[in-house]
Amino acid sequence: MFLDLTSDQEFFQETTAKFLADQVPPATLQGFADGVPADFEARYWRRGADLGWTSLLVSEDAGGGSISGRGLEDLCLIAYEFGRHAAPGPLVPASLAAAALGQAGTHPEALAELLAGTATAAWCHAEPSGGSLDITSDGGDLVLNGAKRPAEAAGRAKYLLVTGRLDGDFAQVLVPAAAPGVTITPLRTPDYSRDFAAVAFDGVRVPASAAVGPPGQAGQQVAWQAQAALVLAAAESAGAMRAGFDMTLAWASDRYSFGRPLASYQALKHRLADMATWLEASCAIAAEAAAAVRERSPDAAELASAAKAYTGQYGTELMHECVQLHGGIGLTREHDLHLYLRRVVLNRALHGTPAEHRQRIADHVVTREGL
Amino acid sequence: MSSESVEEFRARARDWIRATLGPASGYAAAGLNHRPEEEELAAVAHDRVLQRRFFDAGLAGVVVPPEYGGLGLTPAHQRALNEELGGYEWPSRFTVPTMSPCGAVLLEHAPEELKREHLPAILRGEEIWMQFLSEPSGGSDMAGALTTAVADGDDWVLNGSKIWTTGAWWADWALCLARTDWDAPKHAGLTMFALPIRQRGIEVRQIEMLNGARDFCQEYLTDVRVPDTHRVGEVGQGWTVATRLLFHERMQHNSPYVTSPADARQGTAEASPAAIARDAGRLADPLARDLVGQARTLDLAGAALQRRVAAGIRSGQLPDTASAVARLFFTLAQVRASEIKFELAGGAGVAWDETDGAAAGVGDSFLIRQAGAIGGGTSEMARNVIAERVLGLPRETARDRGIPFRDVPRGAAR
Ligand SMILES: Cc1cc2nc3c(=O)[nH]c(=O)nc-3n(C[C@H](O)[C@H](O)[C@H](O)COP(=O)(O)OP(=O)(O)OC[C@H]3O[C@@H](n4cnc5c(N)ncnc54)[C@H](O)[C@@H]3O)c2cc1C
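Bear in mind the structure is a predicted one, so any value in this text is a computation, not a measurement.

Of the regular secondary structure elements, chain B holds 13 helices and eight strands. Expected size for 414 residues packed as a compact globule is a radius of gyration near 22 Å; at 22 Å, chain B falls within 12% of this value. Counting across all 414 residues of chain B, residues that qualify as buried make up 51%. For chain B, long-range pairs separated by at least 24 residues make up 73% of all intrachain contacts whose partners lie at least 6 apart in sequence.

Quick look at the overall build of chain A now. What chain A contains, in helices and strands, is eleven helices and nine strands. For 371 residues, the compact-globule estimate of 2.2 N^0.38 gives 21 Å, and the C-alpha radius of gyration of chain A, at 21 Å, lies within 12% of that figure. Along the three orthogonal principal directions, the C-alpha set of chain A runs to about 80 × 55 × 40 Å. In chain A, buried positions account for 55% of the 371 residues. A fraction of 75% describes how many contacts in chain A between residues 6 or more apart in sequence connect residues 24 or more apart.

On to the site of the ligand. The ligand sits among 21 residues. The nearest are B:Leu133, B:Gly139, B:Ser140, B:Gly375 and B:Thr378. Classifying every residue of the shell around the ligand by side-chain character gives nine nonpolar, eleven polar and one charged.

With respect to the helices and strands, B:Arg79 occurs in helix H3 (residues 75–84). Sequence separation between B:Arg79 and B:Val258 is 179 residues; the distance between their C-alpha atoms is 9.2 Å.

This part covers the interface of chain B and chain A. Listed by partner, the interface residues are 35 residues for chain B and 33 residues for chain A. Of all the secondary structure elements, the ones that give two or more residues to the side of chain B that touches chain A are helix H8 (273–279), helix H9 (286–315), helix H10 (323–345) and helix H13 (379–390) of chain B. If one sorts the elements of the side of chain B that touches chain A by residue count, H9(B) sits on top with 17 residues. Here the residues of the side of chain B that touches chain A sort into 19 nonpolar, seven polar and nine charged.

Grouped together as the largest cluster of nonpolar side chains are 242 residues, with contacts concentrated most on A:Cys76, A:Leu160, A:Val231, A:Ala286 and A:Ala289. Setting aside anything within four residues of it in sequence, one finds A:Ala289 in contact with A:Val231, A:Ala234, A:Leu303, A:Ala304, A:Ala306 and A:Ala307.

Residue A:Pro150 is bonded to the preceding A:Arg149 through a cis peptide linkage, with omega at -10°. Following B:Ser100, the chain continues into B:Pro101 via a peptide bond in cis, with omega recorded as 10°. Here B:Pro101 shows up in helix H4 (residues 92–109). Phi is positive for B:Trp164, close to 75°, though the residue is something other than glycine. For B:Trp164, the location among the structural elements is in strand S3 (residues 155–166). Residue classification places B:Trp164 among the partly exposed positions, given that 18 C-beta atoms sit within 10 Å. Here the phi dihedral of B:Asp223 falls at roughly 45°; this positive angle occurs in a residue that is not glycine. Tracing the chain through its elements places B:Asp223 in strand S7 (residues 216–227).

What follows deals with the environment of B:Pro196. All names here are of chain B. Position of Pro196 relative to the elements: it lies in strand S5 (residues 190–196). We classify Pro196 as partly exposed; it has 14 C-beta atoms within 10 Å. As a C-alpha pair, Pro196 and Val224 span 28 residues in sequence and 10.0 Å in three-dimensional space. Excluding residues that lie within four positions of it along the chain, Pro196 makes contacts with Asp172 and Trp173.

For chain A, the domain assignment lists domain 1 (7–119), domain 2 (122–210) and domain 3 (219–368). Here the side of domain 2 of chain A that touches domain 3 of chain A gets three residues from one element, more than from any other, and that element is strand S5 (residues 169–176) of chain A.

Before going further, it helps to examine the packing of helix H9 (residues 300–326) of chain A against H9(B). How two helices pack is summed up by the angle between their axes together with the distance between the axes. Relative to each other, H9(A) and H9(B) sit at 95°, their axes nearing to 9 Å. On the basis of their axis angle, the class for H9(A) and H9(B) is roughly perpendicular. Mapping the contact onto sequence places A:Leu303, A:Ala306, A:Ala309 and A:Tyr310 in H9(A) and B:Gly293, B:Arg296, B:Thr297, B:Leu300 and B:Ala301 in H9(B). Partitioned by chemical class, the residues of the contact of H9(A) with H9(B) number six nonpolar, two polar and one charged.

Turning our attention to the pairing of strand S4 (residues 159–166) of chain A. Residues and elements named next belong to chain A. Most of S4 sits inside the fold, with seven of its eight residues counted as buried. Across four bridges, the pairing between strand S1 (residues 121–124) and S4 is parallel. When the bridges of S4 are listed, Cys124 appears paired with Val162. The pairing of S4 with S5 spans eight bridges and is classified as antiparallel. Its bridge partner being in S5, Leu166 is matched across the sheet by Asp169. Counted along the chain from S4 to the antiparallel partner S5, the turn is two residues long, and its residue Asp167 has a positive phi close to 50°.

Residues and elements named next belong to chain A. Where helix H1 (residues 7–23) contacts helix H4 (residues 71–84), the two axes come as close as 10 Å, and the packing angle between them is 30°. By the angle class used here, H1 and H4 are roughly parallel. Both H1 and H4 take part in a crossing whose hand is right-handed. Contacts between H1 and H4 involve Gln9, Phe12, Gln13, Thr16, Ala17 and Leu20 from the former and Asp74, Leu77, Ile78 and Glu81 from the latter. Of the residues assigned to the contact of H1 with H4, the class counts are five nonpolar, three polar and two charged.

So, about H13(B). Burial in H13(B) covers these residues: B:Ser379, B:Ala382, B:Arg383, B:Asn384, B:Val385, B:Ile386, B:Ala387 and B:Val390. Taken together, the buried residues of H13(B) touch helix H8 (266–294) of chain A together with H10 and helix H12 (371–374) of chain B. Two residues or fewer past H13(B), B:Gly392 is found with a positive phi of approximately 75°.

Here we take up the environment of A:Ala100. Relative to the helices and strands, A:Ala100 is located in helix H5 (residues 91–104). Considering only alpha carbons, one finds A:Ala100 and A:Arg242, 142 residues apart in sequence, at a separation of 31 Å.

What counts and how
Residues numbered from 1 in each chain as written. Chains lettered and ligands numbered in written order. Predicted model: local features only at pLDDT ≥ 70, side-chain atom pairs only at ≥ 80, totals over all residues. Helix = DSSP H or I, 4+ residues; strand = E, 2+ residues; numbered from the N terminus. Rg over C-alpha atoms; globule rule 2.2 N^0.38 Å. Buried ≥ 20, exposed ≤ 12 C-beta atoms within 10 Å, placed from the backbone. Contact = placed C-beta atoms within 7 Å. Near = placed C-beta within 6 Å. Nonpolar A, V, L, I, M, F, W, Y, C, P; charged D, E, K, R; others polar. Core = buried A, V, L, I, M, F, W, Y, C linked by C-beta atoms within 7 Å. Domains from an automatic or database assignment. Axes fitted to C-alpha atoms, helices over the stretch in contact; angles between N-to-C directions. Parallel < 35°, antiparallel > 145°, perpendicular 65-115°, else oblique. Pairing = 2+ DSSP bridges. Left-handed = near helix turned anticlockwise from the far one by under 90°.

What follows is the structure in structure tokens.
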């Protein structure tokens, strides 16, 4: 996805690519239609943690460490490979929860488990329309009421990083998923190597020490996490696009009609050229957005939205073109193409649709142009 | 001066720019503008003065070697200059096509004497260069050029016609692709020449475009004598030189030879989609904001892609032909942006007066929506390059390979 990798980064990406190709090849993923088996995922995730997946957004002081000193970009490399292999695993929520804990310097035991991959976390951030999550102080405790959905990987998470409002300001709290008053209801999703849940909080009481950072001052951290989620989704979609495109290119070269390869028809060559352009542009905007978010630069929010809007729209556009160029086989479950289609379909609608992000971008434009 | 660090250079450029240059103005950029000839000529003259000021300030030809009048600095210095230029005027006619692709190709292929004479002249604002490539018989199939050069002593004598040069009527010199051997196969019989445009033997006709602009030109060459010392590249190597022109052209504003504001939006003459929406009274309309967001997304993705492709080509991770990827994106994004602006302008795009502000006249621009997808090579040709040269898909069958050019089937002359 990035062109300017260090040799350490190349090795890191390559190692994960090999691991995923070995652990979750398409034939294995095809067997996960009813969900990824829990014992498989637990083992797989621990080994991924050994490869460094979980530690990238956490500073060395806090027990983490990146490959290049640019942790978010390192994580984008992994996300890209996750897309390219349609890989399962709570990469985004686990990384963002670890980032929040590391940044706040709280919950060292939970953080250690997340880093080791022996436990996972979900980030309870998105809310059902009209929903909210209120945090109130009560004596020495914090009390949570409200609902969150969709929360990725909440079903198997040991910890929930919950973003809510305390007296109108953002606060984040780490809640054990097993805490009394927490109800986790699985949701259905087109991407069956991912899982989502609706999480209800009904008078969930935690000690004040559950707060991640000073309560009421989490706004910047939450905004950063949200931007990071956007660029990770964009990087992952770019990876899935690469996989779908490569398969389609190979198919078009091997398949014949009227005595010549599909790839020799100019009408199809031109569409493949368009697709190559969308793919390169997706990599480019995802990479620039990742750098901007990592640097917390002033245009990070706008670039993250642009990366999400672009890869959201053209990710599905490209994959549906892949289906089209495959013909009937592209519509089947037995062919592997759908694995990558599922991933871009999911990522398009998660964390805001392309149209929602275009509205946000327009807000930035209007502000900048002083209109 | 070659030891000047990027940051020193940036600081020097910034001070000078802020103290010297005016704001980027609506019509400053070269392009297909519909306006009176005197105004266009005044803008050209102003560009010459501007270029001279850059030169005198030691800010012209950043990556051009000192022996040719440049600074001998790095692409990073050029980028710094472009970043500092945001919002300010710049001599657009000396950037594209004068310095890139023409100047860049002179550096690569011209004989020493030609380089020493003309590169400094360009940098001093004295020479605006054009590309004489397309012909009435075809632009996409550029190697099918019919304009002919015949050797005569130490000279060549050129006859034929070139077309679609934007601004030849106020330009000075041209790189002209001509056929020097009709018996060689198509690509092998071409040679590139440098020639002054304003001379007896070259008649320049302005062509009116459908938006009223008259910058498009056709040139008729009749017995034009060009000394062999003005040949650029070897005899029969014209196609190699021409592909370098195309390469540098596709690099657009990422070429290290181009001085123009890094934030392209600040450099364009046209009103932004958001300004059009405001003046059309639609800024609060969520549909309008979707379009504004869409245009901006394409801007950002396109700029990121340009940088990615340029970096990939520099490092050798992408083939030179990958510049067609950026080119294709740009053509399609421009087409879409034109449509978005037209949509945002609403009725004021087609029936307006001065009170309509940025929405006025958008319909006129929309008339030439396809210009960006034709000039500089069509989007179809970019797709061919990507498919065949980047992705390696099978070539189209062609009836012009391996036979003498004179036997290649041709359409009726236009
Ligand atoms: C704004 C602008 C500025 C220009 N500036 C210059 C200049 O400075 N110097 C110069 O020399 N020229 C210039 N041109 C000319 C430009 O390069 C040509 O117009 C362009 O290359 C197309 O050539 P053509 O017009 O002859 O169309 P044709 O080549 O006749 O093409 C007609 C149509 O057929 C399509 N087509 C042709 N061949 C194929 C193929 N093999 N596969 C699929 N589709 C094909 C084309 O894409 C196009 O849609 C400029 C043009 C414009 C619009």
